[in-house]
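Residues per chain, in single letters:
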Amino acid sequence: MKTYAYGFPRLGMNREYKTVIESYWAGRIKEEKLMREIENLERKILHTYKANVDNFPVGEMTLYDKMLDTATLIGLYKTKTINDYFRLCRGKNALEMTKWFNTNYHYLIPRIKENYKPSIFKPEIERLKRLCSDYKEGLPYFIGPFTFLKLSKSANPQNFKFHLMEITDLYCDIVKEFHAVHLDEPALVLDLTEEELKLFRLAYSKIGRYNANIFLFTYYDSVDCLEELYDLPVKGIGLDFINGRDNFINIRSKGFPDDKMLFAGIVNGRNVWKTDIKKAASILKELSLHSKNIVISNGSPLYHLPVTVKGEKTPVNDKLAFAEERLGEIATLKKIMEEDGKGITILPDDAFFNNHPIEKTRLSKKFYVRSLPYSERIIKQKKALNLPLFPATTIGSFPQTPDVRQARTAYKRKEMSEGEYNSFIRKKIQATVELQEQLGLDVRVHGEYERSDMVEFFAEKLKGFATTNNGWVLSYGTRTYRPPIIFGDIERQDKMTVDFIKYAQSLTQKPVKGILTGPVTIIKWSYVRDDIPVEKIALQLALSLKAEIMDLEKEGIKIIQIDEPAFKEGAPIKKRNWDRYFSWAVNSFNLCISETKPETQVHTHMCYSEFGEIIEYIMKMDFDVISIEASRSKGDIIDAFKEKGFKKQIGLGVWDVHSYQTAKSHSMIKVIKKALSVFSPEQLWINPDCGLKTREWKETVENLKNMMKVVEVMRNSKDFLLDDGREV
Ligand code: GLN
Ligand code: ZN
């Protein structure tokens, strides 16, 4: 059996990727050095592949994002200089960004213009040829035309077929330049229509005519239309046997064609637990009954993992495998399979998971409901909070400037005492509360200065979590985060947020929100045990958060906000699996707040997804107010709420905090105007669409001032007419 691995993290052992690109942005290094360093990094990765597996892709490296690279490759954007390229990534004219399938990686969404004329960007082909000649084991890497188009936005969606055929012609010209080609087509695991599948087949029956060695890779879930791929002129198909369990069932029942290679994704690209080699080998053995040509591979790209476990000091180090260790596992599996499975028995059984069972917490249904329904809660909350029409608030964080990060690092390194650190944070909180006072915000926040990251912060405090020193993963561009690892029973050991929030509340008469990250987001942005149903982990987490919420309430906090930005992202790719997911997702949210007093107002916040299609699940969450990003996805959220007859309160993000443009009053008013066609004024809150921690102070203050002007206009307008008489 041969081996193949793909998607190795481009970040580098010490985040060199981030350092070098950001140095270029800051003007500290020149283009030449940037390109040299990136190429060094790329070659290092290719060496790592070469040392461990038989074949691998070349050309996975990018200066920002592979979807954008594909767009420039096929002439959708003409980037003459590297700065042209970066202008599409960041700054005023940056492309919109969204989540890559159900992962926390975000890609730039290419826009197909009406008059788009495909053309190949030749220098990239030349570059790949050079790399391929240096690495004979390498296959040039491309995102396939179908996935590319499916994830892009088109000026006219009716033109999907037209564009696909045009781009396919271009791919035909590209693939014929190489001996063999790696084409990523993860969109094949989506719920596709018959028409889409037909078009996919059409495209590949063409492409396959120009190159006899097309290798098609799918991942993140199973391919429902597997059989439809069998007669396509492709040489190999990559399937994910970790996240796509149905792939195994399908192969068992439908077999696999003898003329094709099966790239069996058998080590996990998305979770960190060592592969159970014995089990993997037995799956490979079974697969080999159905397929003559098996290549051992990873289930999904390895960039969802940190680079290496080496250097980490977690309590579960010996149970972990990151990207580099995954390559080792693939090599081990090959050895075992070559010995015809003889090596399997010498591997010790892994008893770890049995020694650390996550207790079975079962609760009856009544634990998930608040004592009164919304219609009665609202009356009590109105009295308790006494808020004006169109209450104005922010989502929680304020700019995390270098001084905040420096203080945190100093505190972690014990160069700053706990007392000093706390008083530093308190000063920040005080200034932020004062600012909100000046601006006139109705519901205040403490600014979240103590939180490095909304998940890591809780992970460091809760029992059952491990955090890493260097376990960085890219979330987009050069932005990285360190997902924590949930390895044992989750328990709150002490209060986590109460002190600082209570302090903020002591500084003002206006309500301060007690903000926490919700169970779904904590789970989704961590690595979780995969031997335990995720429902149980969610339950334990919810119980811990509930304890915190009850403490906040006890300390006089009148508004609780549970952030769930990953609520939609956590959903399985296939809709048929949604009910099970949303059932625990909704339950865990409701459990967190189940014992709050009716007069305590519960908010939730979600962002960065298309919410229209999950509206029915959002409706099952027992919050009082939802703040939701609306500046990007514009009207569809509003329409979805309208259709469902949403009666609670909603804060539509009136400005896109991730945009570099100043938020102008008229664009905010536009959002509100649209909202007022569906919601009553009493239902509407006014707020930015997400936290402000990545912003600069200057723009933050300026935009908040504009927002407050809008609030004033709205409150003073009779029948909600604008000053100039236009209807709002
Ligand atoms: N409360 C968080 C903040 O303001 C929410 C972040 C998010 O939604 N990603 O930063
Ligand atoms: Zn957000």
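Residues numbered from 1 in each chain as written. Chains lettered and ligands numbered in written order. Predicted model: local features only at pLDDT ≥ 70, side-chain atom pairs only at ≥ 80, totals over all residues. Heavy atoms only, no water.

Caption draft 1: Representation of the overall build of the protein chain. Helix and strand content of the protein chain: 24 helices and 22 strands. Against the compact-globule benchmark of 27 Å for 728 residues, the protein chain has a radius of gyration of 26 Å, which places it among compact chains. With the C-alpha coordinates aligned to their principal axes, the bounding extent of the protein chain is approximately 75 × 60 × 50 Å. Taken over 728 residues, the protein chain has a buried fraction of 61%. For the protein chain, long-range pairs separated by at least 24 residues make up 77% of all intrachain contacts whose partners lie at least 6 apart in sequence. Here the protein chain contributes 111 positive and 100 negative side-chain charges, whose respective centroids are spaced 2 Å apart. (Helix = DSSP H or I, 4+ residues; strand = E, 2+ residues; numbered from the N terminus. Rg over C-alpha atoms; globule rule 2.2 N^0.38 Å. Buried < 20%, exposed > 50% of the residue type's maximum accessible area, 1.4 Å probe, protein only. Contact = heavy atoms within 4.5 Å. Lys, Arg positive; Asp, Glu negative; His and termini not counted. Charge placed at Lys NZ, Arg CZ, Asp CG, Glu CD.)

Caption draft 2: Examining the site of ligand 1 more closely. Around ligand 1, a shell composed of Ile395, Gly396, Ser397, Glu448, Met454, Ile515, Asp563, Pro565, His605, Cys607, Cys690 and Gly691 is seen. Ile395 has a polar backbone atom sitting 3.2 Å from a nitrogen atom of ligand 1. A distance of 2.8 Å separates a nitrogen atom of ligand 1 from a polar atom in the side chain of Glu448. Here ligand 1, which alone exposes 290 Å², has 92% of that area covered by the protein. Here the residues of the shell around ligand 1 are counted per class, giving six nonpolar, four polar and two charged. (Near = heavy atom within 4 Å. Polar contact = N/O pair within 3.5 Å; in protein donor to acceptor, adjacent residues only side chain to side chain. Areas by Shrake-Rupley, 256 points an atom, 1.4 Å probe, with all protein chains shown as cover. Nonpolar A, V, L, I, M, F, W, Y, C, P; charged D, E, K, R; others polar.)

Caption draft 3: Expanded view of the packing of helix 15 (residues 418-439) against helix 17 (residues 498-506). It is the contact of helix 15 with helix 17, at a shortest axis distance of 10 Å, that shows an interaxial angle of 40°. One finds that helix 15 runs oblique with respect to helix 17. Note on packing geometry: the crossing formed by helix 15 with helix 17 is right-handed. For the pair formed by helix 15 and helix 17, the contact residues are Asn422, Ile425, Arg426, Ile429, Gln430 and Val433 on the first element and Phe500, Tyr503 and Ala504 on the second. Partitioning the contact of helix 15 with helix 17 into residue classes produces six nonpolar, two polar and one charged. (Axes fitted to C-alpha atoms, helices over the stretch in contact; angles between N-to-C directions. Parallel < 35°, antiparallel > 145°, perpendicular 65-115°, else oblique. Left-handed = near helix turned anticlockwise from the far one by under 90°.)

Caption draft 4: Fine view of unusual backbone geometry. Backbone geometry places Phe390, a non-glycine residue, at a positive phi of 50°. Summarising the element assignment, Phe390 is placed in the loop between helix 13 (374-385) and helix 14 (402-412). Positive phi, close to 60°, is recorded for Glu448, a residue that is not glycine. Looking at the secondary structure, you find Glu448 in the loop between helix 15 and helix 16 (456-461). Take Glu448: its relative accessible area is 9%, and that puts it in the buried class.

Caption draft 5: Local environment of the side chain of Thr394. With respect to the element layout, Thr394 can be found in the loop between helix 13 and helix 14. When its relative accessible area of 0% is taken as the criterion, Thr394 is described as buried. With sequence-adjacent residues up to four places away left out, Thr394 is seen in contact with Gln436, Leu441, Val443, Val445, Lys513, Pro688, Leu692 and Leu704.

Caption draft 6: Expanded view of empty space enclosed by the protein. Under the criterion given, the structure shown has four cavities of 30 Å³ or more. Here the largest cavity defines a volume of roughly 300 Å³. Looking at the largest cavity, it is lined by 27 residues, and the ones nearest its centre are Arg10, Glu60, Lys66, Tyr141 and Tyr303. Contributing elements (two or more residues each) for the lining of the largest cavity: helix 2 (31-52), strand 2 (56-58), helix 3 (66-73) and strand 6 (138-143). Counting residues per element, the lining of the largest cavity draws most heavily on helix 2, at four residues. A breakdown of the residues in the lining of the largest cavity according to their chemical character gives 18 nonpolar, three polar and six charged. (1 Å grid on protein atoms, 1.4 Å probe; cavity = no way out; pocket = protein on both sides within 12 Å on 5 of 7 lines; lining within 4 Å. Points joined across faces, edges and corners; volume = space filled by probe spheres on them.)

Caption draft 7: The arrangement of the pattern of salt bridges in detail. Per the stated rule, a full pass over the model turns up 51 salt bridges. Residues Arg127 and Glu124 are paired through a salt bridge, measuring 3.1 Å at the closest nitrogen-oxygen approach. Residue Arg127 and its partner Glu124 are both found in helix 5 (residues 122-134); the two are separated by three residues, about one turn of the helix. Classification of Arg127 by relative accessible area gives partly exposed; the value is 22%. The residue Glu177 makes a salt bridge to Lys129 at a minimum N-O spacing of 2.4 Å. Placement of the pair is Glu177 in the loop between helix 7 (160-175) and strand 8 (181-184) and Lys129 in helix 5, with a sequence separation of 48 residues. Here the residues in one salt-bridge network are Arg370, Arg377, Asp622, Asp624 and Lys648, joined through shared partners. (Salt bridge = Lys/Arg side-chain N within 4 Å of Asp/Glu carboxyl O.)

Caption draft 8: Spotlight on the pairing of strand 22 (residues 684-687). Judged by which residues are buried, strand 22 turns out to be covered on both faces: Leu684 and Ile686 on one side and Trp685 and Asn687 on the other are all buried. Sheet analysis places strand 21 (residues 649-653) next to strand 22, joined by four bridges and oriented parallel. The residue bridging Leu652 from the neighbouring strand is Ile686, located in strand 22. Handedness of the crossover joining strand 21 and strand 22 through helix 23 (residues 665-676) is recorded here as right-handed. (Pairing = 2+ DSSP bridges. Right-handed = clockwise from strand over helix to strand, strands pointing away.)

Caption draft 9: Spatial organisation of the sheet that holds strand 19 (residues 601-606). The parallel open sheet is built from six strands, whose spatial order is 17-18-19-20-21-22. The two strands at the open ends of the sheet, each matched to only one other strand, are strand 17 (513-517) and strand 22. Across the sheet, the axes of successive neighbouring strands diverge by a mean angle of 20°, strand direction being ignored. Sitting on the sheet, helix 23 touches strand 21 and strand 22, and the angle it makes with strand 22 is about 165°.

Caption draft 10: Structural detail: the nonpolar core. Leu34, Trp100, Phe142, Tyr204, Phe567, Phe641 and Met707 are the most contacted members of the largest nonpolar core, which has 244 residues in total. Considering every element that reaches this core, the biggest residue donor is helix 20 (residues 578-593), with ten residues. Within the second largest apolar cluster, five residues are counted, among which are Leu385, Val443, Ile559 and Val625. (Core = buried A, V, L, I, M, F, W, Y, C linked by side-chain atoms within 4.5 Å.)

Caption draft 11: Expanded view of the side chain of Thr521. Examined against the element boundaries, Thr521 turns out to sit in helix 18 (residues 519-524). In this structure the side chain of Thr521 is engaged in a polar contact, spanning 2.6 Å, whose partner is the side chain of Glu564. For Thr521, the contacting residues outside a window of four places in its chain are Val455, Asp563, Glu564, Pro565, Ala566 and Phe567.

Caption draft 12: Here's a closer look at the environment of Thr480. Note on placement: Thr480 falls in strand 15 (residues 479-481). In this structure, the C-alpha to C-alpha distance between Thr480 and Tyr105, residues 375 residues apart in sequence, is 9.8 Å. Looking at Thr480, its side chain comes within polar contact range of the side chain of Arg15, at 2.8 Å.

Caption draft 13: Fine view of the environment of Gly328. Along the chain, Gly328 falls in helix 11 (residues 323-338). Residue Gly328 is classed as partly exposed on the basis of its relative accessible area, which comes to 25%. Between the C-alpha atoms of Gly328 and Val53, which are 275 residues apart in sequence, the distance is 8.5 Å.

Caption draft 14: Representation of the sheet that holds strand 8 in the model. As summarised here, the arrangement of the eight strands in space is 1-12-11-10-9-8-6-2, forming an open sheet in which the pairing is parallel. Two strands bound the open sheet, and with one partner strand each, they are strand 1 (2-3) and strand 2. Relative to strand 12 (residues 294-298), strand 11 (residues 261-267) is paired through five bridges, and the arrangement is parallel. Counterpart to Ala264 in the pairing with strand 12 is Ile296.

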